[in-house]
Structures are given as structure tokens and as C-alpha cells.
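# Descriptive structure summary
One-letter residues, chain by chain:
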There are 2 protein chains.
Amino acid sequence: MITYQDIQQAYQRIKSEINHTPVMTSRMLNKDLGAEVYFKCENYQRVGAFKFRGAFNAISQLSHEQKKLGVVTHSSGNHAQAVALAASILHIPATIVMPENSPKVKINATQNTYGARVVLCKNTVQSRQETCQRIMENEGQTLIHPYDNDEIIAGAGTAAYELLLEVNDLDIIITPVGGGGLLSGTSIAAKGFNQNCEIYAGEPLNADDAYRSLISGKIQTNKNPITIADGLRTNLCPRTFQIIQNNVNAIVRVSEKEIISAMRFLWERMKLVVEPSSAVPLAALKTGEIEIKDKKIGVILSGGNVDLNAFFEYLSSYIAEK
Amino acid sequence: MITYQDIQQAYQRIKSEINHTPVMTSRMLNKDLGAEVYFKCENYQRVGAFKFRGAFNAISQLSHEQKKLGVVTHSSGNHAQAVALAASILHIPATIVMPENSPKVKINATQNTYGARVVLCKNTVQSRQETCQRIMENEGQTLIHPYDNDEIIAGAGTAAYELLLEVNDLDIIITPVGGGGLLSGTSIAAKGFNQNCEIYAGEPLNADDAYRSLISGKIQTNKNPITIADGLRTNLCPRTFQIIQNNVNAIVRVSEKEIISAMRFLWERMKLVVEPSSAVPLAALKTGEIEIKDKKIGVILSGGNVDLNAFFEYLSSYIAEK
């Protein structure tokens with residue numbers, strides 16, 4: 001299992017390549033909650049999400065031989081962009097396996113902006129895994145898993161570590177939980193910094209595998225989860241589950257309506273473009289299920305990649321009408 | 001006419017009450033433009049706009065007698081919120097004259113969030129002015145004009161001053177221009193800091209009074225301007241025109257389409273919720289009309305108050321469908 005020292009070393013390894021992201025606060029929110037909340041804005045990280053931290057940490061440590069053969073991953077989301085950019089910076093070939101029904105704009109961005117090769121597959125877990133496996137076997141590429149990977153977890157933990165270097169005395173840290181990489185890394189960073197720091201996660205009620213896993217003591221899975229928080233539909237793996245069992249106080253579930261309401265607060269009041277997954281921890285704080293009165297709370301805002309087509313089509317229709 | 005020292009003094013006066021707003025950059029934009037662009041993010045200022053700087057600077061300097069009688073202004077936009085908040089912090093009564101067709105949400109925010117009195121008037125310039133005049137005569141309140149006021153201009157200039165304290169060697173500063181308060185204050189701050197700094201403004205083609213005023217040497221006005229940049233529909237006044245004539249190199253006009261395209265870049269790539277007016281200077285830089293190659297450029301992002309109803313109704317319909 002990875003340690004606090006792994007996260008400190010990861011931070012030294014990546015700190016000249018990552019954005020040192022800002023920490024934001026809201027007077028209005030602090031007044032409403034009776035607490036002090038510090039948002040670590042990973043929507044301002046490169047590729048618009050914390051995922052770049054882990055991807056760069058993992059890929060930069062491959063052997064010379066591995067680097068020559070390249071990396072492969074399956075994702076249509078932030079991890080794909082993160083692997084593609086990290087590989088491009090390190091001059092390593094990258095292959096991203098994406099479902100054939102992925103939006104063209106995402107496929108193009110991955111190919112053109114970062115020069116990664118995109119291989120399409122069927123939109124099933126099985127097809128993704130088989131396609132990755134085939135590429136690994138035929139071409140010798142190294143798989144960079146989005147969360148079932150110690151270096152990815154250590155990299156993800158550097159966001160909380162960087163936050164703690166700036167705000168030393170947090171009583172609580174909260175993140176969203178999907179596959180559990182961010183939550184695992186954050187919990188190790190926070191416990192290493194201060195053993196008494198409490199760790200929580202917010203999770204969509206509609207994809208509550210981590211909540212059920214923690215309660216039952218056994219990994220549970222989601223079956224076709226439907227949630228607007230598209231980054232949080234994945235299941236825990238044994239690696240992340242073990243860390244979460246050791247470190248996490250509780251997981252708080254939130255409805256889709258609560259997610260959108262928290263997201264609206266972050267956009268409207270705090271002027272932060274964040275994706276729905278990022279709003280889940282704030283939604284969890286607002287439920288009242290965590291004792292936060294007079295506490296100092298760190299929130300990891302995981303990313304800001306959200307589809308703005310509808311909004312800007314609406315704005316463009318505004319000028320067309322005039 | 002106000003001086004660089006006035007801006008420095010204004011900054012000392014207000015700095016403990018304002019947000020020290022962050023400066024953001026974009027690798028992608030800098031690569032595209034072949035320049036270094038520094039965005040001063042006044043969307044993160046209190047009330048979500050630079051207007052709070054001027055309002056607090058002006059109201060805090062009123063005499064004891066004036067403070068007792070209170071302040072009045074006419075605005076349905078950021079200046080209204082700024083005056084209401086500044087007055088509330090200073091425990092001074094504030095009256096905001098708003099057109100009777102203002103959105104209820106804006107009227108409520110002004111009354112409830114900041115405890116200002118709202119007086120409705122007809123939606124004409126004449127009715128606004130007459131209503132203000134009547135309140136001033138009957139109640140002895142002091143008018144806080146949104147830009148035809150030296151203390152407002154000095155306060156507005158502190159945004160550029162604060163930016164220059166952080167990024168000392170800017171070759172160019174660019175702002176939007178509406179009534180000219182922000183542009184005037186910015187130009188005095190920048191010229192005071194470095195006489196060689198070039199000053200530009202972006203202006204909507206559909207409300208190009210400042211452009212025409214500068215070209216013709218006489219104040220020109222807009223007749224029913226229709227632009228999505230709702231903060232920039234106002235006309236210059238002699239006070240701001242004189243400063244702009246002295247200090248500004250050129251005003252660059254941009255189409256509605258160019259404004260929306262620049263706004264989309266700021267949202268999608270830089271994750272900044274900004275209002276359309278804030279995107280006008282970036283749109284101007286992108287026209288190629290200003291020589292920016294290899295230059296260091298400061299951009300004042302004026303504010304982030306934008307109506308997000310349509311966007312969040314769309315998101316809510318997404319969950320309703322599932």
C-alpha cells in the first residue's frame with residue numbers, strides 16, 4: 001500500500017509540470033454552513049482535472065524500454081486527456097481506447113490536441129478491456145489504469161498535499177468518490193499530514209457502490225448507474241477499497257437534484273466552471289450529515305470539463321433574434 | 001483630473017475590504033497569440049465585479065453628515081449590488097433606483113442580500129434621473145454615479161494597480177469600455193506605473209460610442225444599442241472622455257459573434273464564469289488589430305454576473321428525462 005512518503009515524492013516529481021491550482025473560499029457559504037470551507041480548484045489543473053497529476057507521475061516513472069513501447073488506457077473522460085498530455089510532454093506514444101459512440105469533439109481533442117492514437121471499441125466494459133489487452137499483447141504497451149495503480153493514486157493525493165501546504169490545519173477533507181483513486185490518495189496525504197484529520201466522500205445516490213461497500217465490508221458494484229456526475233459511475237477496486245476502509249470516516253450520498261443545486265452555487269456564486277462530479281462533495285456538506293460546525297474543511301474540486309454546447313447555442317440564438 | 005497618487009491612496013483605503021483577485025493564464029492562448037496574457041479576474045471580486053472597488057472607495061469617504069443621510073444610485077446591474085454592499089458594510093442607508101421591468105431576482109437580491117431600499121421607476125433614462133433627483137432633493141441622499149465620479153474611477157483603477165504589483169512589466173493593458181470608468185482608472189494606474197505601457201479597450205461594434213468619440217474628438221452616443229455585453233451599453237461622459245483621449249492608444253470594435261466566441265474560450269478552456277462584457281477585450285486581442293506579438297498583456301476581466309437559468313434548466317431536464 002502506498003504511503004505518505006510516496007505522495008511527497010510524487011509531488012517533487014511532478015511539481016514543475018503541474019499547475020499549482022488556486023484555493024478559493026466563499027463568505028456566503030461559510031456563513032450559511034457555520035464553517036470555513038477551502039476549495040482546491042483542480043478544474044484549473046492541466047486538462048481541466050486532477051487526473052493530470054497521477055498520469056504524469058505514473059508515466060514519468062516507466063523504464064526506458066516501456067517508454068519506447070508506449071502507454072495505453074481506456075477512457076473517454078478526463079483520464080484519457082491526462083494520459084495523452086503526459087505522454088506528449090514526455091515524448092511517449094499513447095493509445096487511448098474509446099467507445100465508438102464517444103462525442104467526435106472528444107475523439108478529435110485527444111488525437112489533435114495531444115497527438116494520441118485513438119482506437120475505437122464497442123461501448124461495453126468487456127470490449128474496452130479486450131481492446132486494451134490486444135494492444136498490450138501485440139504492441140507491448142503499458143496499461144495506465146485510471147485508479148487501480150499506485151502511482152496514479154499517489155499523484156491524485158498531491159492535490160490534497162498541496163492544499164495542506166497552504167492551509168495547514170484542516171479538520172476535514174472531502175472528495176468525490178468514483179473508482180476511489182482520488183479519495184484513496186487524498187486520505188493518505190491528509191492522514192500523513194495530520195492523523196486527526198477526518199476524511200469523507202460524497203457519492204451520487206444513483207451510483208452508491210462505495211457507500212454500500214464501506215457499510216457491508218465487501219466490494220459492491222453499480223449496475224448501469226444513471227447520474228449526471230459522469231466521472232463517478234465506476235466501481236471501487238480492491239486496491240482503493242482497502243485504503244478507503246482504513247482511512248475514511250463515512251461516505252455521504254446525494255441526489256441528482258442536490259448535485260445540480262451545489263453545482264449551481266459553485267457557478268453562480270463562486271464563478272467556477274466545474275463538472276457535476278466536482279459538486280458532489282459540496283452537496284454532501286450541505287446535507288447536514290457531517291458534523292462541520294466551526295470546522296475547517298478542505299474540498300477537492302476534481303475538474304471542470306463540462307459540455308457547454310447547449311449554453312452557447314442558447315447565447316448565439318440570443319444574438320440571432322436581435 | 002485624478003492622478004496615479006489618487007489610485008494608490010484608494011488602494012490603501014479599500015484593500016482590507018476587497019478580494020485580492022487571482023491572475024490567470026492559459027498556455028493554449030499564449031501559444032495561439034504568440035504573446036503572454038495575464039487575466040485579472042474581477043469576476044472573483046465581491047459582488048462578482050470590479051464595481052465594488054469604486055463603490056467602497058467613494059462611499060467610505062463621505063462626510064459624517066452625508067453618511068447619515070445615505071446614498072442613492074440608479075442601476076440594475078453590478079454597480080447597484082456594489083453600492084448596496086459597500087453601504088451595508090459601512091452601515092449607511094442605500095437606495096437603488098431600478099427600472100420596473102428589472103428581473104425579480106435582481107430586485108430581491110438587492111433588497112434581501114444587502115438590505116438596500118429599491119425604488120422602481122419607468123425604463124427610461126429620464127425616469128431614472130428624475131427619480132434619483134427627487135430622492136436627493138427630498139431626502140438629502142448623495143448620488144454615487146456609476147462612472148462620472150472621481151472616486152469611482154480611482155477605485156476602478158485599483159484592479160490594474162493590483163495586477164501591476166503582481167506582474168510588473170506589462171507592455172499593454174486592455175479593458176472593456178462602457179461609460180469609461182474602468183478604462184479611465186486603468187489607464188491612469190498603468191501610465192503611472194510605467195509611462196510606456198500601451199492602453200487599449202475592446203468595445204461592442206453595436207455600442208461603439210467610445211470608438212466614434214475617440215476618432216471624431218467629440219463625445220458620440222449610442223441610440224438603443226443592442227449587444228449581449230449588457231454592461232457596455234452606456235455612453236462616455238466628459239470626465240471619462242478626457243482621460244481616455246489623453247491615455248488610450250486605440251479602441252477596437254468586436255462583433256457579437258466574436259464576443260460569444262471569446263466568452264466560450266474563457267468558460268470552456270479557462271473554466272472562468274465571466275459575463276459577456278468581460279470577454280470583449282479578449283475578442284479585441286483576437287482580431288489581430290493590436291500589435292501583440294511577444295508582448296506581455298494585462299486583461300481586466302470585469303465581472304462574472306451572468307444569467308445561468310437557461311443552463312441549469314437544461315441540466316435539470318436532463319435528470320428529469322432519466
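## Points about the domain arrangement of chain A
Residues and elements named next belong to chain A. Domain annotation of chain A identifies domain 1 (4-50 + 150-321) and domain 2 (52-143). Between the C-alpha centres of domain 1 and domain 2 the distance comes to 24 Å. Carbon and sulfur atoms make up 59% of the area that domain 1 and domain 2 hide from each other, which totals about 1,500 Å². When the buried surface of domain 1 facing domain 2 is broken down by residue, R13, V47 and I152 rank first, second and third, together holding 35% of it.

## Focus: the side chain of N30(A)
On the secondary structure map, N30(A) appears in helix 2 (residues 27-33). Residue N30(A) is classed as buried on the basis of its relative accessible area, which comes to 19%.

## Remarks on the sheet that holds strand 5 (residues 117-121) of chain A
Residues and elements named next belong to chain A. Across the sheet, four strands lie side by side as 5-4-3-6; this open sheet has parallel pairing. Looking at strand neighbours, the two that pair on one side only are strand 5 and strand 6 (142-143), the edges of this open sheet. Taken together, the four bridges between strand 3 (residues 71-74) and strand 4 (residues 94-99) define a ladder with parallel strand orientation. Its bridge partner being in strand 4, V71 is matched across the sheet by A94.

## Focus: the pattern of salt bridges
A side chain with one charge may pair with a side chain of the opposite charge, provided their charged atoms come close. Residues and elements named next belong to chain A. Inspection of every chain in the model, using the stated rule, returns 22 salt bridges over all chains. When the shortest N-O distance is used, the salt bridge between E268 and R264 registers 3.1 Å. Highlighted residues: E268 and R264, both in helix 12 (residues 256-268), separated by four residues, approximately one helical turn. Of the residues examined, E268 reaches a relative accessible area of 26% and is grouped as partly exposed. The class of R264 is partly exposed, set by a relative accessible area of 23%. Within this structure, K40, E42, R53 and E162 form a network of salt bridges that share partners.

## Quick word on the nonpolar core
Formed by 86 residues in total, the largest nonpolar core has its most connected members in F39(A), W267(A), L272(A), F39(B), W267(B) and L272(B). Discounting residues that sit within four places of it in the chain, L272(B) has contacts with Y44(A), K271(A), V273(A), M24(B), C41(B), N43(B), Y44(B), L266(B), W267(B) and L301(B). Grouped together as the second largest cluster of nonpolar side chains are 63 residues, F50(A), A154(A), L182(A) and I300(A) included.

## Overview of the pairing of strand 4 (residues 94-99) of chain B
All names here are of chain B. Counted residue by residue, strand 4 has six buried out of six residues, so it is predominantly covered. Judged by which residues are buried, strand 4 turns out to be covered on both faces: A94, I96 and M98 on one side and T95, V97 and P99 on the other are all buried. Running through helix 5 (residues 78-89), the crossover from strand 3 (residues 71-74) to the neighbouring parallel element strand 4 is right-handed. Here five bridges tie strand 4 to strand 5 (residues 117-121), and the two strands are oriented parallel to one another. Across the sheet, the residue bridging to P99 is C121, located in strand 5. What joins strand 4 to strand 5 is helix 6 (residues 104-113), and the crossover it makes is right-handed.

## Let's talk about the relation of the copies chain A and chain B
It takes a turn of 180 degrees to lay chain A on chain B, together with a shift of 0.0 Å along the axis; the resulting RMSD is 0.0 Å. What we have between these two chains is a two-fold relation. When you check the interface residues of chain A against chain B, 100% turn up at the interface there too, and the contact is symmetric in its surfaces.

## Notes on the interface of chain A and chain B
Contacts between the two partners involve 38 residues from chain A and, on the opposite side, 38 residues from chain B. Interface area, chain A with chain B, both sides summed: about 3,400 Å², of which 71% is carbon and sulfur. Counting the surface chain A buries against chain B, the share from its top three residues, K271(A), F311(A) and F312(A), is 20%. Taken together, the links from chain A to chain B amount to zero salt bridges. Remark: the boundary between chain A and chain B carries 13 residue pairs in polar contact (both at pLDDT 80 or more).

## Things to note about the side chain of S75(A)
Residues and elements named next belong to chain A. Within the secondary structure, S75 sits in the loop between strand 3 and helix 5 (78-89). Using a relative accessible area of 9% as the deciding quantity, one classes S75 as buried. In terms of polar contacts, S75 uses its side chain to reach the backbone amide nitrogen of G77, at 2.9 Å. Not counting residues up to four positions away in its chain, the partners in contact with S75 are A80, I96, V97, M98 and R128.

## A word on helix 13 (residues 276-286) of chain B
With ten of eleven residues buried, helix 13 of chain B lies mostly within the body of the structure. For helix 13 of chain B, the full list of buried residues reads P276(B), S277(B), S278(B), A279(B), V280(B), P281(B), L282(B), A283(B), A284(B) and L285(B).

## Topic: the pairing of strand 8 (residues 198-204) of chain B
Residue and element names in this part refer to chain B. Counting buried residues along strand 8, six of its seven residues qualify, which places the element largely inside the surrounding structure. Here strand 7 (residues 172-176) runs beside strand 8; their pairing, made up of five bridges, is parallel. Bridging from a neighbouring strand, I173 pairs with I199 of strand 8. Handedness of the β-α-β unit built from strand 7, helix 9 (residues 181-193) and strand 8 comes out right-handed. Note: strand 8 against strand 9 (residues 250-254), five bridges, orientation parallel. The partner of Y200 across the bridge, within strand 9, is A250.

## Overview of the sheet that holds strand 3 of chain B
The pairing of strands in a sheet comes from backbone hydrogen bonds and takes either a parallel or an antiparallel form. Residue and element names in this part refer to chain B. One open sheet accounts for four strands, arranged 5-4-3-6; its pairing is parallel. Both edges of this open sheet fall to strand 5 and strand 6 (142-143), since each of them pairs with a single strand only. Summarising the sheet, strand 3 and strand 6 pair through two bridges and their orientation is parallel. Bridged to V72 within strand 6 is L143. Contacts between helix 7 (residues 125-139) and the sheet are confined to strand 3, strand 4, strand 5 and strand 6, with strand 5 contributing the most and set at about 135 degrees to the helix.

## So, the environment of L301(A)
Residues and elements named next belong to chain A. Mapping L301 onto the fold places it in strand 10 (residues 296-301). Sequence separation between L301 and E162 is 139 residues; the distance between their C-alpha atoms is 13 Å. The contacts of L301, once residues within four sequence positions are left out, are F39, K40, C41, E42, N43, L266, L272, V274 and S278.

The rules we used
- Residues numbered from 1 in each chain as written.
- Chains lettered and ligands numbered in written order.
- Predicted model: local features only at pLDDT ≥ 70, side-chain atom pairs only at ≥ 80, totals over all residues.
- Heavy atoms only, no water.
- Domains from an automatic or database assignment.
- Buried area = accessible area lost by both parts, 1.4 Å probe.
- Helix = DSSP H or I, 4+ residues; strand = E, 2+ residues; numbered from the N terminus.
- Buried < 20%, exposed > 50% of the residue type's maximum accessible area, 1.4 Å probe, protein only.
- Pairing = 2+ DSSP bridges.
- Salt bridge = Lys/Arg side-chain N within 4 Å of Asp/Glu carboxyl O.
- Core = buried A, V, L, I, M, F, W, Y, C linked by side-chain atoms within 4.5 Å.
- Contact = heavy atoms within 4.5 Å.
- Right-handed = clockwise from strand over helix to strand, strands pointing away.
- Least-squares fit on C-alpha atoms with pLDDT ≥ 70 in both.
- Polar contact = N/O pair within 3.5 Å; in protein donor to acceptor, adjacent residues only side chain to side chain.
- Axes fitted to C-alpha atoms, helices over the stretch in contact; angles between N-to-C directions.

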